[in-house]
Amino acid sequence: MSVTERRAAGEDLVKGDFGALKVVPVRHPWRWAAVVATAVLVAQFVHGLATNSGWEWEVFAEFFTADVILKAVWVTLQLTFYGTALGFALGIVIAFMRLSASPFLRAVAFAYIWAFRSIPLIVQLLFWFNLAYLYKELQFGIPFGPGFLTFDTMGLVGAMSAAVLGLALHQAAYAAEIVRAGVLSVDSGQLEAAAALGIPRLRQIRRIVLPQAMRSILPNAANEIISLFKGTSIVSVMAIGELFYQVQVIYGRNGRVVPLLMVATAWYVLLTSALSVLQHYVERHFSKGASR
């Protein structure tokens, strides 16, 4: 093509005639190489699951819906529910204590969060499990004065109660920081406008701050709930019949370690996936009207 012809072609393009332009797609050879390599690895993994007799899928199928496993799953769900409900209820209180104008309340809230985030969860659980060693009985009455109601600690705080108490108090420390971060993410002008309109402080928090803060709170809160759900396995040190403990008991008797561990894994994956789906719909509810 001569210079004149190239110049003419350029003038045609300037005028908007792009039909003569040949479009060549961008090639990604390394991307396709990565896809092929990954597909081969996935296929090998699936083939190993299907053909390796060590997985003992017949044992997995036998125990996956066994009564003892289903009861253990129910105990795990109870621990997760009570630990989450009590933990976040207390965490909301501690979060607003940290946001308080009172230096004393801020200091107490900070000390609580610092302590319960510093001490390992297993230590906290064992402490509450052995509470009767320190306090034989609990009294309710006038502070530093006579008590009106007395409870035997040994009968009041059993293994399940100690587990719920330990999980809830531990969860509250993390929930407090999640809620505090969500509240701080709301523009302060929202509260100033609400105060100018004469809206009571409690209603400002309930109807203005929290609905907007939920968009920031929910992702982190969901992560904490899922972590707590999986973390309930740690209460096995207290001989509570949750999922992981029961799996340990069964494979301790029959020696089928791998398929029983797969039973626990499958239940954890299944229920975690259900929580993730629930998170999606709750987030979508609180995202109404938000720009993306």
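Residues numbered from 1 in each chain as written. Predicted model: local features only at pLDDT ≥ 70, side-chain atom pairs only at ≥ 80, totals over all residues. Heavy atoms only, no water.

1. Concerning the overall build of the protein
For step 1, the next point in the chain: Of the regular secondary structure elements, the protein holds 13 helices and 2 strands.
For step 2, the next point in the chain: A separation of at least 24 residues holds for 71% of the contacts in the protein among residues at least 6 apart in sequence.
For step 3, the next point in the chain: Carbon together with sulfur atoms contributes 66% to the accessible area of the protein, which is approximately 18,800 Å² in total. (Helix = DSSP H or I, 4+ residues; strand = E, 2+ residues; numbered from the N terminus. Contact = heavy atoms within 4.5 Å. Areas by Shrake-Rupley, 256 points an atom, 1.4 Å probe, with all protein chains shown as cover.)

2. Considerations on helix H6 (residues 121–129)
For step 1, the next point in the chain: The complete set of buried residues in H6 reads Leu121, Gln124, Leu125 and Trp128. Relative to the axis of H6, the buried residues are bounded by an arc of 100° and lie together on one face.
For step 2, the next point in the chain: Close packing links the buried residues of H6 with helix H5 (103–118), helix H7 (131–134) and helix H9 (159–184). (Buried < 20%, exposed > 50% of the residue type's maximum accessible area, 1.4 Å probe, protein only. Arc of directions from axis to C-beta.)

3. Thoughts on the nonpolar core
For step 1, the next point in the chain: In this structure, Leu79, Ile94, Tyr112, Leu167, Ile217 and Val235 are the most contacted members of the largest nonpolar core, which totals 38 residues.
For step 2, the next point in the chain: For this core, the secondary-structure elements that each account for two or more residues are helix H4 (67–98), H5, H6, H9 and helix H11 (201–231).
For step 3, the next point in the chain: Leaving out residues up to four positions away in the same chain, Tyr112 has contacts with Leu90, Ile94, Leu169, Ala172 and Ala173.
For step 4, the next point in the chain: The next biggest cluster of nonpolar side chains, apart from the first, holds 18 residues, and it includes Phe63, Tyr251, Ala264 and Leu271. (Core = buried A, V, L, I, M, F, W, Y, C linked by side-chain atoms within 4.5 Å.)

4. Focus on the packing of H4 against H5
For step 1, the next point in the chain: Across the interface, H4 lies against H5 with an axial gap of 7 Å and an inter-helix angle of 130°. As judged from the angle between their axes, H4 and H5 are oblique. In this structure, H4 crosses over H5, and the sense of that crossing is left-handed. Residues Leu90, Ile94, Met97 and Arg98 of H4 form the contact with H5, whose own contacting residues are Leu105, Arg106, Val108, Ala109, Phe110, Tyr112 and Ile113.
For step 2, the next point in the chain: Class assignment for the residues of the contact of H4 with H5 results in 9 nonpolar, no polar and 2 charged. (Axes fitted to C-alpha atoms, helices over the stretch in contact; angles between N-to-C directions. Parallel < 35°, antiparallel > 145°, perpendicular 65-115°, else oblique. Left-handed = near helix turned anticlockwise from the far one by under 90°. Nonpolar A, V, L, I, M, F, W, Y, C, P; charged D, E, K, R; others polar.)

5. Considering the pattern of salt bridges
For step 1, the next point in the chain: Scanning all chains against the criterion turns up 3 salt bridges.
For step 2, the next point in the chain: Here Arg256 makes a salt bridge to Glu56, at a shortest N to O gap of 2.8 Å. Residue Arg256 is found in the loop between helix H12 (243–254) and helix H13 (257–286), and its partner Glu56 is found in the loop between helix H2 (29–51) and helix H3 (57–64); the two are separated by 200 residues along the sequence.
For step 3, the next point in the chain: Looking at Arg256, the relative accessible area reads 36%, which means it is partly exposed.
For step 4, the next point in the chain: Between Arg98 and Glu177 there is a salt bridge, with its nearest N and O atoms 3.1 Å apart. Taken together, the residues Arg98 in helix H4 and Glu177 in helix H9 connect sequence positions 79 residues apart.
For step 5, the next point in the chain: On the basis of relative accessibility, which here comes to 22%, the residue Arg98 falls in the partly exposed class.
For step 6, the next point in the chain: Linked through salt bridges whose partners overlap, the residues forming this network are Arg98, Glu177 and Arg180. (Salt bridge = Lys/Arg side-chain N within 4 Å of Asp/Glu carboxyl O.)

6. Notes on the packing of aromatic side chains
For step 1, the next point in the chain: Per the counting criterion, the structure on display carries 8 aromatic pairs.
For step 2, the next point in the chain: Here the aromatic rings of Trp55 and Trp57 are separated by 6.0 Å at their centres, their planes lie at 20°, and the arrangement is stacked.
For step 3, the next point in the chain: A relative accessible area of 23% places Trp55 in the partly exposed class.
For step 4, the next point in the chain: A connected cluster of aromatic rings, assembled from ring pairs, spans Trp55, Trp57, Phe60, Phe64 and Trp267. (Phe/Tyr/Trp six-rings, centres within 6.5 Å; stacked < 30°, edge-to-face > 60°.)

7. Details of the packing of H3 against H13
For step 1, the next point in the chain: With their axes 8 Å apart at the nearest point, H3 and H13 run at an angle of 55° to one another. Compared by their axis directions, H3 and H13 come out oblique. In this structure, H3 meets H13 at a crossing whose hand is right-handed. Of the residues in H13, those touching H3 at Trp57, Val59, Phe60, Phe63 and Phe64 are Pro259, Leu260, Met262, Val263, Ala266 and Trp267.
For step 2, the next point in the chain: Class assignment of the residues belonging to the contact of H3 with H13 gives a composition of 11 nonpolar, no polar and no charged.

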